[in-house]
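# Close look at the chain arrangement
Here are the chains, one letter per residue:
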Amino acid sequence: MKAVVYHKPKDVRVEQVPDPTIQSPTDGIVRITSTAICGSDLHIYNGFLPQPRPMVLGHEFMGVVEATGADVHRVKVGDRVVVGFSVTCGTCWFCMHAHPSHCERSNPKSYGPDGGVLEGKGGGLFGYTDLYGGHDGGQAEAARVPWIDATVRRVPDDIPDEHVLFASDILPTGWAGIEWSGLQPGETVAILGAGPVGLATAKIAWLRGAGRVIVVDLLAYRLEKARLVARAETINASVTDTVETLRAMTEGRGPDVCVDAVGMEVHRSAFEKVANVVHGQAGSITALDTCMRAVRRCGRVSVLGVYGSKYDNFPFHRHFDKGLSVKGGQSDPQSSMDAILTLLVEERLRAHDIASHTLPLEDAARAYRIFNDKLDDCVKVVLKP
Ligand SMILES: NC(=O)c1ccc[n+]([C@@H]2O[C@H](COP(=O)([O-])OP(=O)(O)OC[C@H]3O[C@@H](n4cnc5c(N)ncnc54)[C@H](O)[C@@H]3O)[C@@H](O)[C@H]2O)c1
Ligand SMILES: [Zn+2]
Ligand SMILES: [Zn+2]
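Residues numbered from 1 in each chain as written. Chains lettered and ligands numbered in written order. Predicted model: local features only at pLDDT ≥ 70, side-chain atom pairs only at ≥ 80, totals over all residues.

What follows covers the overall build of the chain. Regarding its fold elements, the chain presents 13 helices and 16 strands. Relative to the 2.2 N^0.38 estimate, which gives 21 Å for 385 residues, the radius of gyration of the chain is 20 Å and therefore close to what a compact globule would have. Summarising its shape, the C-alpha atoms of the chain cover approximately 60 × 50 × 45 Å along the three principal directions. For the chain, the proportion of its 385 residues judged to be buried stands at 52%. Across the chain, contacts joining residues at least 24 apart in sequence account for 72% of those joining residues at least 6 apart. (Helix = DSSP H or I, 4+ residues; strand = E, 2+ residues; numbered from the N terminus. Rg over C-alpha atoms; globule rule 2.2 N^0.38 Å. Buried ≥ 20, exposed ≤ 12 C-beta atoms within 10 Å, placed from the backbone. Contact = placed C-beta atoms within 7 Å.)

In the vicinity of ligand 1 lie 32 residues, with G39, S40, G193, G195 and G263 positioned nearest. Listed by contribution, the elements that provide at least two residues to the shell around ligand 1 are α1 (39–45), α6 (196–207), β10 (212–217) and α10 (286–294). Of the residues assigned to the shell around ligand 1, the class counts are 16 nonpolar, 13 polar and three charged. Summarising the domain contributions, the shell around ligand 1 has at least three residues from each of domain 1 (2–169 + 331–384) and domain 2 (170–328). (Near = placed C-beta within 6 Å. Nonpolar A, V, L, I, M, F, W, Y, C, P; charged D, E, K, R; others polar. Domains from an automatic or database assignment.)

With that out of the way, let us pick up the packing of α6 against helix α7 (residues 220–230). Contact geometry of α6 with α7 gives a least axis separation of 10 Å together with a crossing angle of 30°. Judged by the inter-axis angle, α6 sits roughly parallel to α7. The chirality of how α6 crosses α7 is right-handed. Where α6 approaches α7, its residues L199, A202 and K203 are matched on the opposing element by K225, A226, V229 and A230. (Axes fitted to C-alpha atoms, helices over the stretch in contact; angles between N-to-C directions. Parallel < 35°, antiparallel > 145°, perpendicular 65-115°, else oblique. Left-handed = near helix turned anticlockwise from the far one by under 90°.)

Listed as buried for helix α13 (residues 364–372) are A364, A367, Y368 and F371. Across the axial projection of α13, the buried residues extend over an arc of 100°, all falling on one side. Structurally, α13 contributes buried residues whose contacts are with β1 (2–8), β2 (11–16), α1, β15 (357–360) and β16 (381–384). Within two residues after α13, K374 carries a phi angle of roughly 55°, on the positive side. (Arc of directions from axis to C-beta.)

Let's shift gears to the environment of G122. By the element assignment, G122 lies in the loop between α2 (93–96) and β7 (142–145). Look at G122 and you get buried, because 23 C-beta atoms sit within 10 Å. C-alpha separation for the pair G122 and G28, spaced 94 residues apart in sequence, amounts to 22 Å. Aside from chain neighbours lying at most four places away, what touches G122 is S101, H102 and Q330.

So, on to the domain arrangement of the chain. When cut into domains, the chain gives domain 1 (2–169 + 331–384) and domain 2 (170–328). Each of domain 1 and domain 2 has a C-alpha centre, and the two are 25 Å apart. Taken together, the contact pairs 25 residues of domain 1 with 25 residues of domain 2. Where the side of domain 1 that touches domain 2 is concerned, the elements lending two or more residues are α1 and α12 (333–345). Counted by class, the side of domain 1 that touches domain 2 contains 13 nonpolar, six polar and six charged residues.

Let's shift gears to the sheet that holds β2. Spatial ordering of the open sheet is given by β2-β1-β4, a layout of three strands whose pairing is antiparallel. This sheet does not close on itself; its edge strands, each paired only once, are β2 and β4 (55–56). The strands that α13 touches are β1 and β2; relative to β2, the one it contacts most, it runs at about 160°. (Pairing = 2+ DSSP bridges.)

On to α10. Side chains of residues three or four places apart in an α-helix project in the same direction, reflecting 3.6 residues per turn. Residues of α10 that are buried: A287, L288, T290, C291, M292 and A294. Lining the buried residues of α10 we find β9 (188–192), α8 (242–249), β12 (257–260), β13 (300–303) and α11 (316–322).

Okay, the sheet that holds β10 next. A sheet is described by the order of its strands in space; here six strands give the open sequence β11-β10-β9-β12-β13-β14, paired in parallel fashion. Looking along the sheet, the strands with just one partner apiece sit at the ends: β11 (233–236) and β14 (325–328). Looking at each pair of strands side by side, their axes are set apart by 20° on average, direction ignored. Of the pairings in the sheet, the one linking β9 to β12 comprises four bridges and is parallel in character. Each residue of the ladder has a partner; that of A190, found in β12, is C258. The strands touched by α6 are β9, β10 and β12; relative to β10, the strand with the most contacts, the crossing angle is about 170°. Sheet strands touched by α7: β10 and β11. Its angle to β10, the strand with the most contacts, is close to 160°.

Checked against the element boundaries, A351 lands in the loop between α12 and β15. Taking the number of C-beta atoms within 10 Å as the measure of exposure, A351 has 26 and is therefore buried. With 155 residues separating them in the primary sequence, A351 and P196 have C-alpha atoms 9.7 Å apart. A351 has contacts with F166, L171, A200 and K203, leaving out every residue within four places of it along the chain.

This is how it looks when you write it as structure tokens:
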């Protein structure tokens, strides 16, 4: 079959690879009809997350179940399913406590309680390096889905792929950012980053009762998209100071909730990039620092953007003096997918307007380039195998 294979930073190729096979009685094989590229894939693409051997990428995908192992009971051959990005057994302590992304069984080689840089990682993720289980991903014609009963959700046959595909990652991730913040009705939510995750978070914020939603980015075309698809007020951080503007918009106090949907690959000057390398850091915490400065006293910060190392100068003084609550991490897609799919099917939530490009899988190398380099007004690419 054809698949998107990572070789080295900035080098992904569409190649012929062996078809996936059932390896355990709880496996299923999904024939993929739609898949997407995520900002998280860019951390591998840009070399922020090491991957020493070639690997099939992709953790946002859906399709039709083609085969199941002898111990699969809930999912049937022919079912149309959306796959949650984390590989989850459904029965370990973390899976039973609504934290499937911390599954104790899906990453046997590198899992552990420590959360280190190169060891003690979390549960397995599709197509997300050997550190996260070495599972082949879904930017391919088909994928092996371990514990398919727990990992996927069925979707009705009559709804287009594009309407439900983002239940695999960006919608559950936006959901987590708002859930973690304990958003109260009428509160003001500021979101740093108008990428797919920021836009999904803005949509969920409205659904969950926000009074105002403000989206910050440096790219005018993405801010326009935030106004268009998420009815957000916007701040262009390339022309105005984010913290001052947010305070000016909120009677000097700052937003009740700030969401970091940027992460370590924040926009940096050449000097900052050198300084980060000298300090042995993966990227920088500028976006998180901005959230912690901007949010009101006793406010809440949700960290959805990925951070991959230790960071100097973490503003713990601000955390303490302002009495902040900060919660971040990998979201747990299987915990919110049912609620999200209901909203999508009932059309109380729409997210297909986040996609800017639909391209054949064969064009994956170009798709990675335009998404990474923010060319051609790219916001989110859906690939069709
Ligand atoms: N926690 C999770 O479970 C989870 C799930 C999916 C994605 N993510 C992470 O979320 C982050 C965003 O993902 P995405 O797909 O939207 O990526 P993306 O790269 O498309 O979006 C990031 C956006 O941040 C903007 N940005 C950069 N510097 C900024 C600054 N100083 N202020 C404001 N905006 C700035 C960029 O212009 C870009 O539009 C990534 O780190 C990704 O890995 C986390
Ligand atoms: Zn993703
Ligand atoms: Zn588990």
